[in-house]
Amino acid sequence: MGLLDIVPAGVITGDNVRKLFKYAHEKGFAIPAINCTSTSTVNAALEAARKNGSPIIIQFSNGGAAFVAGKGIDNKNQEASILGAISGAQYVRSIAKAYGIPVLVHSDHCAKKLLPWFDGMIAADEEYFKAHGEPLFSSHMLDLSEEPIEENIETCLKYLKRMAPMKCLLEMEIGITGGEEDGVDNSDVDNSALYTQPEEIWEIYNRFSEVTDLFSIAAAFGNVHGVYAPGNVKLHPELLGKHQAYVKEQLKSDNDKPVFFVFHGGSGSTPQEISTALNFGVVKMNIDTDTQWAYWKGLRDFYEKNKDYLQSQVGNPEGPEKPNKKFYDPRVFIRAAEATMIDRIVLALDELNNKNVL
């Protein structure tokens, strides 16, 4: 029995998200969450997943969502980010089923200062729920890790109570992911803040479970956004095993992996670090920096290969009157960028044991 015997193709929400995450725990794989900024990057992610026989998560960051809406729209009061995230989710919904794979639509890091963006997306979920019986998005992520832990938990609970009736999953972060992403710079945080404690995981699990079981936790184990030289980042994914064991003990449960964990800062991680994280219950890994580079590499390589045909509209090594339109047509060079992004996502899927699971 494969995944498509359990959940349908297309965008999934609610009970089907739970089924997918439990199946991932059972089979020992995780789903990459690909930050997308355009229909082109969405298409590349979906194509890679179809090629590999895999489910995938399409996620939009605050800045990425604003870019989807267009740089010509003012982002005062998060208006562009709200519109971009909604239109991105609607686009994914319109085409995901055609790719024949299960897809989650997710919003990435939302810090305290970006809560108006979160409010706008939840309002869109509620409106969609009234019409269709499910939320527009599969899940959302609140990143209040810079705030005091009690404020973090209480704010998450407030939104979780609003999301639970729609069966929309909440991802929360406890402990700080280092580095810089989307305007949030944690490059100089104290090293101790990069590692979450088991007691913190249990408190979150216990309190959130009183509302719903549709939540996941991005626990910090030395994670850093971006890619750095080898040796500069000290990841300890084995800590997730201690967290799972602690929660299992408190629950008096037979389940070795009661928590749905999320791996942030996945770009640049070693296969061993990824394997350890999978063993201890990671169901989702964020990938952004590596896929950005892959997209750029395709574009760069296309230019280097064809630069003699990209200096003017007319005139190339084949003759002064030869046209170059087939080289500067955006569909050609954008497709070259998509191709290398697809290859990188396939590699991520393979590293996450997420191959031929449908």
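Before any of the text, the structure's been laid out above.
Residues numbered from 1 in each chain as written. Predicted model: local features only at pLDDT ≥ 70, side-chain atom pairs only at ≥ 80, totals over all residues. Heavy atoms only, no water.

K.L.:
Is there a simple way to explain the overall build of the protein chain in this structure?
P.N.:
A count of helical and extended segments in the protein chain gives 12 helices and 13 strands. Based on the C-alpha atoms only, the size of the protein chain along its principal axes is roughly 80 × 50 × 45 Å. Here the protein chain, with 358 residues, has 56% of them falling under the buried criterion. Pairs at least 24 residues apart make up 70% of the contacts formed inside the protein chain by residues separated by at least 6 positions. When the accessible surface of the protein chain is summed, it comes to about 15700 Å², and 51% of that surface belongs to carbon and sulfur atoms. Taking the average location of the 35 positive side-chain charges in the protein chain and that of its 48 negative ones, the two points are 7 Å from each other. (Helix = DSSP H or I, 4+ residues; strand = E, 2+ residues; numbered from the N terminus. Buried < 20%, exposed > 50% of the residue type's maximum accessible area, 1.4 Å probe, protein only. Contact = heavy atoms within 4.5 Å. Areas by Shrake-Rupley, 256 points an atom, 1.4 Å probe, with all protein chains shown as cover. Lys, Arg positive; Asp, Glu negative; His and termini not counted. Charge placed at Lys NZ, Arg CZ, Asp CG, Glu CD.)

K.L.:
Could you clarify how one ought to interpret the pattern of salt bridges in this entry?
P.N.:
A pair can form between side chains of opposite charge whenever their charged atoms are brought close. Within the structure shown, the criterion is met by 19 salt bridges. Put simply, K297 and D301 hold a salt bridge, and the shortest N to O gap is 2.9 Å. Linking K297 with D301, this pair stays in helix α10 (residues 289–306), spanning four residues, or about one helical turn. On the accessibility criterion, K297 (32% relative accessible area) is partly exposed. By relative accessible area, D301 is classed as partly exposed at 29%. In this structure, D329 and R331 form a salt bridge, with 2.7 Å as the shortest nitrogen-oxygen distance. Overall, R331 belongs to the exposed group, its relative accessible area being 67%. (Salt bridge = Lys/Arg side-chain N within 4 Å of Asp/Glu carboxyl O.)

K.L.:
For this particular structure, what's the right way to read a nonpolar patch on the surface?
P.N.:
A contiguous nonpolar surface patch, about 320 Å² in accessible area, is contributed by W293, W296 and L299. Here W296 lies in helix α10. (Patch = residues over 30% accessible without salt bridge, like charges linked within 9 Å, V, L, I, M, F, W, Y side chains within 5 Å.)

K.L.:
In this structure, what is going on with helix α8 (residues 239–251)? I would like to understand it.
P.N.:
An α-helical turn contains 3.6 residues, so a residue and the one three or four places further along point in the same direction. Compared with the 18 Å implied by 1.5 Å per residue over 13 residues, the 19 Å span of α8 between its first and last C-alpha is a close match. Considered for burial, the residues of α8 that qualify are L239, L240, G241, H243, Q244 and V247. The elements touched by buried residues of α8 are α7 (198–209), β9 (215–219), β10 (261–263), α9 (271–279) and β11 (282–287). K252, located one to two residues past α8, shows a positive phi value of around 55°. (Expected span 1.5 Å × (residues − 1).)

K.L.:
I keep staring at the environment of L170 and nothing clicks. Help me out?
P.N.:
Turning to its location among the elements, L170 is positioned in strand β6 (residues 169–174). Looking at L170, the relative accessible area reads 0%, which means it is buried. Excluding its chain neighbours within four sequence positions, the residues that come into contact with L170 are F118, H140, L142, C156, L160, M163, F208, L214, F215 and S216.

K.L.:
Help me out: how do you make sense of the environment of L251 in this one?
P.N.:
Turning to its location among the elements, L251 is positioned in helix α8. Overall, the relative accessible area of 35% leaves L251 in the partly exposed class. Separated by 54 residues in sequence, L251 and Q197 place their C-alpha atoms 17 Å apart.

K.L.:
Would you mind showing me how to read the nonpolar core here?
P.N.:
Nonpolar side chains tend toward joint burial in soluble globular proteins. Judged by nonpolar contacts, the single largest core of 78 residues is most densely connected at L46, I56, I58, V92, F118, F208 and I217. Filtering out sequence-adjacent residues up to four positions away, V92 remains in contact with V11, V42, I58, F60, V103 and V105. Membership of the second largest hydrophobic core comes to 18 residues, among which are L3, I12, Y23 and A24. (Core = buried A, V, L, I, M, F, W, Y, C linked by side-chain atoms within 4.5 Å.)

K.L.:
Would you explain the packing of α10 against helix α12 (residues 330–351) in this entry?
P.N.:
A packed helix pair is summarised by two numbers, namely the angle formed by the two axes and the spacing between the axes. Two elements in contact, α10 and α12, have axes separated by 7 Å at closest approach and are oriented at 140°. On the basis of their axis angle, the class for α10 and α12 is oblique. For the crossing formed where α10 meets α12, the hand is right-handed. Between α10 and α12, the contacting residues are D290, T291, A294, Y295, K297, G298, L299 and F302 on the first element and V332, F333, I334, A336, A337, E338, T340, M341, R344 and I345 on the second. The residue inventory of the contact of α10 with α12, partitioned by class, reads 11 nonpolar, three polar and four charged. (Axes fitted to C-alpha atoms, helices over the stretch in contact; angles between N-to-C directions. Parallel < 35°, antiparallel > 145°, perpendicular 65-115°, else oblique. Left-handed = near helix turned anticlockwise from the far one by under 90°. Nonpolar A, V, L, I, M, F, W, Y, C, P; charged D, E, K, R; others polar.)

K.L.:
What is the right way to look at unusual backbone geometry in this model?
P.N.:
Peptide bonds are, in most cases, trans, and in most cases residues other than glycine have a negative phi. Backbone geometry places K167, a non-glycine residue, at a positive phi of 60°. Tracing the backbone through its elements, the reader meets K167 in the loop between α6 (149–163) and β6. You can call K167 partly exposed: its relative accessible area is 38%. Its identity is not glycine, yet N353 carries a phi of approximately 60°, on the positive side. Here N353 lies in the segment after α12.

K.L.:
Mind showing me how you'd approach the pairing of β9 here?
P.N.:
Consecutive residues of a regular strand have side chains that alternate between opposite faces of the sheet. A large share of β9 lies buried, amounting to five of its five residues. Strand direction decides the pairing type here: β6 and β9, joined by five bridges, are parallel. The partner of L170 across the bridge, within β9, is F215. (Pairing = 2+ DSSP bridges.)

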